[in-house]
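Coordinate inspection notes
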Amino acid sequence: MSELPTEPRGVPVIRTLAMPKDTNPSGDIFGGWLLSQMDMAGGLAAWERSAGRAVTVGIEAMSFHSPVKVGDILSCYVEVVAVGTTSMRMRVEAWASRGPDRKHQVRVTEGVFTYVAIDAQGCKRAVPPTP
């Protein structure tokens, strides 16, 4: 059995504060809010990698490890997994910083998001080669 990572993989893309308005009936941060933060982070990384507009076409392998709590600082890290002709797969990890000094980090969820590069008309376009 492999150990859980103690540090995020990828580059930091988004950092935000979990607020009471984002909770579910149990008082934990709503999974949809968390998923939207991760999609924004992956989408920004896809936009940067494709040098333009990119849209989400799929989410796979989502794993929720721990709830996000009100007051946690949520950080999303993105790692490019694969680049095709028009698509990009991004591993997005969400980590919560908590505790009085915010130094305790917990990986709360992760997933693989697929994005497709599109042009101004919404048609697929090629992802440029890595510079």
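These numbers were taken from a predicted model, which means no experiment stands behind them. (Residues numbered from 1 in each chain as written. Predicted model: local features only at pLDDT ≥ 70, side-chain atom pairs only at ≥ 80, totals over all residues. Heavy atoms only, no water.)

**Some points on the environment of Arg125**
Relative to the helices and strands, Arg125 is located in the segment after β5 (104–117). Ignoring sequence-local partners within four residues, the contact set of Arg125 consists of Ser50, Ala51, Gly52, Arg53, Thr85, Thr86, Ala117, Ile118 and Asp119. A distance of 2.8 Å separates a polar atom in the side chain of Arg125 from the backbone oxygen of Ile118. (Helix = DSSP H or I, 4+ residues; strand = E, 2+ residues; numbered from the N terminus. Contact = heavy atoms within 4.5 Å. Polar contact = N/O pair within 3.5 Å; in protein donor to acceptor, adjacent residues only side chain to side chain.)

**What to know about the nonpolar core**
Membership of the largest hydrophobic core comes to 24 residues, with the highest contact counts inside it found for Leu74, Cys76 and Met90. Among the secondary structure elements, those contributing two or more residues to this core are α1 (31–50), β3 (73–83), β4 (87–98) and β5. It is α1 that provides the largest number of residues to this core, a total of six residues. If sequence neighbours within four positions are ignored, Leu74 has contacts with Ile14, Arg15, Thr16, Trp33, Leu34, Gln37, Val68, Ala94, Trp95 and Val108. (Core = buried A, V, L, I, M, F, W, Y, C linked by side-chain atoms within 4.5 Å. Buried < 20%, exposed > 50% of the residue type's maximum accessible area, 1.4 Å probe, protein only.)

**Regarding the sheet that holds β4**
Adjacent strands of a sheet pair through backbone hydrogen bonds, lying either parallel or antiparallel. Spatially, β1-β3-β4-β5-β2 is the arrangement adopted by the five strands of the open sheet, whose pairing is antiparallel. A strand with exactly one partner marks an edge of an open sheet, and here the two such strands are β1 (11–17) and β2 (54–64). Within this sheet the neighbouring strands show an average axis-to-axis angle of 25 degrees, counted without direction. In terms of strand pairing, β2 meets β5 through eight bridges, oriented antiparallel. Across the sheet, the residue bridging to Ala54 is Ala117, located in β5. Packed onto the sheet, α1 meets β1, β2, β3, β4 and β5 and runs at close to 50 degrees relative to β5. (Pairing = 2+ DSSP bridges. Axes fitted to C-alpha atoms, helices over the stretch in contact; angles between N-to-C directions.)

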